[in-house]
Amino acid sequence: MNVFKWVCLLTALLFAYLFSLLLFSPDAFLADVGLESTLEANFIAKRTSIFMLGMGLLCLSGIGIKDSYGKSSLSMIMVIVMLGLAILGFYEWNRGVVNEGIFVAVVTELVLLSPIWGFL
């Protein structure tokens, strides 16, 4: 299996984990980043879980992509998502909204970016 397929699989597994965590244990996710678990926050977390499921399935579908245009397109989507999440995580930490627990997510997002850049 080549690097692109491994990155797609790894990213799909990450999104599957986030989907299940946000849907079934939003309290744990919120506590990890220092947010209060409220009815409203849990509602948003559960709705966000569906986006995580969609992104995971998008990455999983990338395993079968053979042409370079398809790989480039999926890579661009993932760069936008991962870089956006990393920047937002750092920004919210800097504002004091979340605690240092967000850095696990930020570092993971940035690490996943490194092999993706090679496919653009």
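Residues numbered from 1 in each chain as written. Predicted model: local features only at pLDDT ≥ 70, side-chain atom pairs only at ≥ 80, totals over all residues. Heavy atoms only, no water.

Q: Any chance you could break down a nonpolar patch on the surface for me, citing the residues and the numbers?
A: A cluster of nonpolar side chains, namely Leu53, Leu57 and Leu60, defines an oily patch on the protein surface of about 250 Å² accessible area. Looking at where Leu53 falls in the secondary structure, it is placed in helix 3 (residues 39-61). (Patch = residues over 30% accessible without salt bridge, like charges linked within 9 Å, V, L, I, M, F, W, Y side chains within 5 Å. Areas by Shrake-Rupley, 256 points an atom, 1.4 Å probe, with all protein chains shown as cover. Salt bridge = Lys/Arg side-chain N within 4 Å of Asp/Glu carboxyl O. Helix = DSSP H or I, 4+ residues; strand = E, 2+ residues; numbered from the N terminus.)

Q: How would you explain the side chain of Asn42 if you had to name every residue and give the values?
A: Positionally, Asn42 belongs in helix 3. Not counting chain neighbours up to four residues away, the residues in contact with Asn42 comprise Pro26, Asp27, Leu30 and Ser37. (Contact = heavy atoms within 4.5 Å.)

Q: Describe in detail the packing of aromatic side chains, supporting the description with residues and values.
A: Any aromatic ring pair is given by two values, namely how distant the centres are and how the planes are angled relative to each other. Under the counting rule described, the total for this entry stands at three aromatic pairs. Ring centres 5.5 Å apart and planes at 40° place the aromatic pair Phe90 and Trp93 in the tilted group. Of the two residues, Phe90 and Trp93 both sit in helix 4 (residues 68-95), three residues apart, roughly one turn of that helix. On the basis of relative accessibility, which here comes to 42%, the residue Phe90 falls in the partly exposed class. With a centroid separation of 4.8 Å and 65° between ring planes, the pair formed by Trp93 and Phe103 is classed as edge-to-face. Taken together, the positions of Trp93 in helix 4 and Phe103 in helix 5 (residues 102-117) put the pair 10 residues apart, joining distant regions of the chain. (Phe/Tyr/Trp six-rings, centres within 6.5 Å; stacked < 30°, edge-to-face > 60°. Buried < 20%, exposed > 50% of the residue type's maximum accessible area, 1.4 Å probe, protein only.)

Q: Kindly report on the packing of helix 1 (residues 3-24) against helix 3, identifying the contributing residues and their values.
A: Taken N-terminus to C-terminus, the directions of helix 1 and helix 3 make an angle of 160°; their axes are 8 Å apart at the nearest point. On the basis of the axis angle, helix 1 is roughly antiparallel to helix 3. As helix 1 packs across helix 3, the resulting crossing turns out to be left-handed. In this structure, helix 1 contributes Cys8, Leu9, Thr11, Ala12, Phe15, Leu18, Phe19, Leu22 and Leu23 to the contact, and helix 3 contributes Ala45, Lys46, Thr48, Ser49, Ile50, Met52, Leu53, Met55, Gly56, Cys59 and Leu60. Of the residues assigned to the contact of helix 1 with helix 3, the class counts are 15 nonpolar, four polar and one charged. (Axes fitted to C-alpha atoms, helices over the stretch in contact; angles between N-to-C directions. Parallel < 35°, antiparallel > 145°, perpendicular 65-115°, else oblique. Left-handed = near helix turned anticlockwise from the far one by under 90°. Nonpolar A, V, L, I, M, F, W, Y, C, P; charged D, E, K, R; others polar.)

Q: Summarise the pattern of salt bridges; cite the residues concerned and give the values.
A: Under the defined criterion, the tally for this structure stands at one salt bridge. Of the charged contacts, one joins Arg95 and Glu92 as a salt bridge, the two residues approaching to 3.0 Å between their closest N and O atoms. You can see Arg95 and its partner Glu92 sitting in helix 4, three residues apart, about one turn around the helix.

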